[in-house]
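What follows is each chain in one-letter form.
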Amino acid sequence: MFTDTGLKTFNFGMQGSKLFESDLILKLLLEKKNKIKNVIIDVDVTLKSENKSERTFLMFLPYLDDYHVVRWHFEELEDFNSFYYIPFYRYLKFDSKIGFREMFSSVLNKKSNEIGNGRYYPLPENKGKLNAEILDFQPQRNKYYEEIKKICKVNNINLIAIMTPMCEKAVVNDYFKKVNMLYPEIYDYENKIIEDKYFSTFEHMNDMGAKAFTTKILNVFFNK
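What follows covers the overall build of the chain. For the chain, the helix and strand inventory stands at nine helices and five strands. The N-to-C order of helical and strand elements in the chain reads α-β-α-α-α-α-α-β-α-β-β-α-β-α. Of all 224 residues assigned to the chain, the portion counted as buried reaches 40%. For the chain, the proportion of contacts with a sequence separation of at least 24, taken over those separated by at least 6, is 78%. Counting every atom, the chain has about 14,200 Å² of accessible surface; 51% of that belongs to carbon and sulfur.

Structure representation (structure tokens):
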């Protein structure tokens, strides 16, 4: 849908990822000399902590030796010295996730099957099985989001930070209002699409929901 409007677009979102990984991806894109005009980022429940994603961050471990940006970003982690200085430690510890097969594929520069379609991966319908969820935590200031804002400002990138829709079964307890108290610049789209039919899980839209939401984003931010 972005491409149809003449915008060259790629989806770097990863299910379960946090701002730790989003910050790193932006740094890597700029290190690789990509020219970026706009960044759209989901900033809502990711503000509950500054933790990394225990699943997604593993994708970057094979590249600690290849990219200064990855190494610098990981230096603050508790296991960094073991990851970096002990040969094959990272592969032994996370063998089922980044074992020999994954390492061998990266050496061969094997392309991911997800590269097609701008890396958009549609989620299925929920089939009436959505459960009620309560957002009963407090949003916090986040150093990785702060860093993303600084990077975009320095590089003249238009940053569009958005709180994405939640289904009607989500009990938010003013969570999104609290987010806007911390960061007034984040656009609140939490209740713009709420019907269950648009969601795969209580916080992830299915293909129909993603298209409806994308239409809103294009009309508001890119209609020129």
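Read on, since the account is not over.
So, on to the packing of aromatic side chains. Two aromatic rings, taken as a pair, are described by how far apart their centres are and by the angle between their planes. Scanning all chains against the criterion turns up nine aromatic pairs. Between F10 and F12 the ring centres are 4.8 Å apart and the planes differ by 55 degrees, which places this aromatic pair in the tilted class. According to the relative accessible area criterion, F10 is partly exposed, its value standing at 33%. Accessibility expressed as a relative area gives 36% for F12, which makes it partly exposed. When the centroid spacing of 4.9 Å and the interplanar angle of 75 degrees are considered together, the rings of Y187 and F221 count as edge-to-face. One end of the pair, Y187, is in strand 5 (residues 187–188); the other, F221, is in helix 9 (residues 207–221), with 34 residues separating them in the sequence. Given the relative accessible area of 40%, Y187 is considered partly exposed.

The side chains of a regular strand alternate, first on one face of the sheet and then on the other. Here five bridges tie strand 1 (residues 38–42) to strand 3 (residues 158–163), and the two strands are oriented parallel to one another. If you follow V39 over to strand 3, its bridge partner there is L159. Bridging between strand 3 and strand 5 involves two bridges; their strand directions are parallel. Across the sheet, M163 pairs through a bridge with D188, a residue of strand 5.

With respect to the helices, strands and loops of the structure, L47 is situated in the loop between strand 1 and helix 2 (68–74). C-alpha of L47 to C-alpha of Y145: the two residues are 98 residues apart in sequence and 8.6 Å apart in space. For L47, the residues in contact, after removing those within four places along its chain, are L19, Q138, P139, Q140, N142, Y175, V179, Y183 and I186.

As for its placement among the helices and strands, T56 is situated in the loop between strand 1 and helix 2. Sequence spacing of T56 and M14 is 42 residues, and the spatial spacing of their C-alpha atoms is 7.3 Å. Setting aside anything within four residues of it in sequence, one finds T56 in contact with M14, Q15, G16, S17 and E21.

This part is about the nonpolar core. Among the nonpolar cores identified, the biggest contains 54 residues, and F74 and I186 are the most heavily contacted of them. Counting residues per element, the ones that place at least two in this core are helix 1 (19–31), strand 1, helix 2, helix 7 (143–154), strand 3, helix 8 (175–182) and helix 9. When residues in this core are grouped by element, the largest group, seven residues, is from helix 1. Dropping the residues within four chain positions of it, I186 is found in contact with V43, L47, Y145, A161, I162, M163, V179 and N180.

On to the pattern of salt bridges. Within the structure shown, the criterion is met by seven salt bridges. Put simply, K197 and E195 hold a salt bridge, and the shortest N to O gap is 4.0 Å. When salt bridges that share partners are traced, they join D23, K27 and E147 into one network.

Attention now goes to the packing of helix 1 against helix 7. Two elements in contact, helix 1 and helix 7, have axes separated by 8 Å at closest approach and are oriented at 25 degrees. Taken together, the axes of helix 1 and helix 7 are roughly parallel relative to one another. The interaxial crossing formed by helix 1 with helix 7 has left-handed handedness. Facing helix 1, whose interface residues are L19, F20, S22, D23, L26, K27 and L30, helix 7 presents Y144, Y145, E147, I148, I151 and C152.

The rules we used
Residues numbered from 1 in each chain as written. Predicted model: local features only at pLDDT ≥ 70, side-chain atom pairs only at ≥ 80, totals over all residues. Heavy atoms only, no water. Helix = DSSP H or I, 4+ residues; strand = E, 2+ residues; numbered from the N terminus. Buried < 20%, exposed > 50% of the residue type's maximum accessible area, 1.4 Å probe, protein only. Contact = heavy atoms within 4.5 Å. Areas by Shrake-Rupley, 256 points an atom, 1.4 Å probe, with all protein chains shown as cover. Phe/Tyr/Trp six-rings, centres within 6.5 Å; stacked < 30°, edge-to-face > 60°. Pairing = 2+ DSSP bridges. Core = buried A, V, L, I, M, F, W, Y, C linked by side-chain atoms within 4.5 Å. Salt bridge = Lys/Arg side-chain N within 4 Å of Asp/Glu carboxyl O. Axes fitted to C-alpha atoms, helices over the stretch in contact; angles between N-to-C directions. Parallel < 35°, antiparallel > 145°, perpendicular 65-115°, else oblique. Left-handed = near helix turned anticlockwise from the far one by under 90°.

That's the geometry; what it means functionally is another story.
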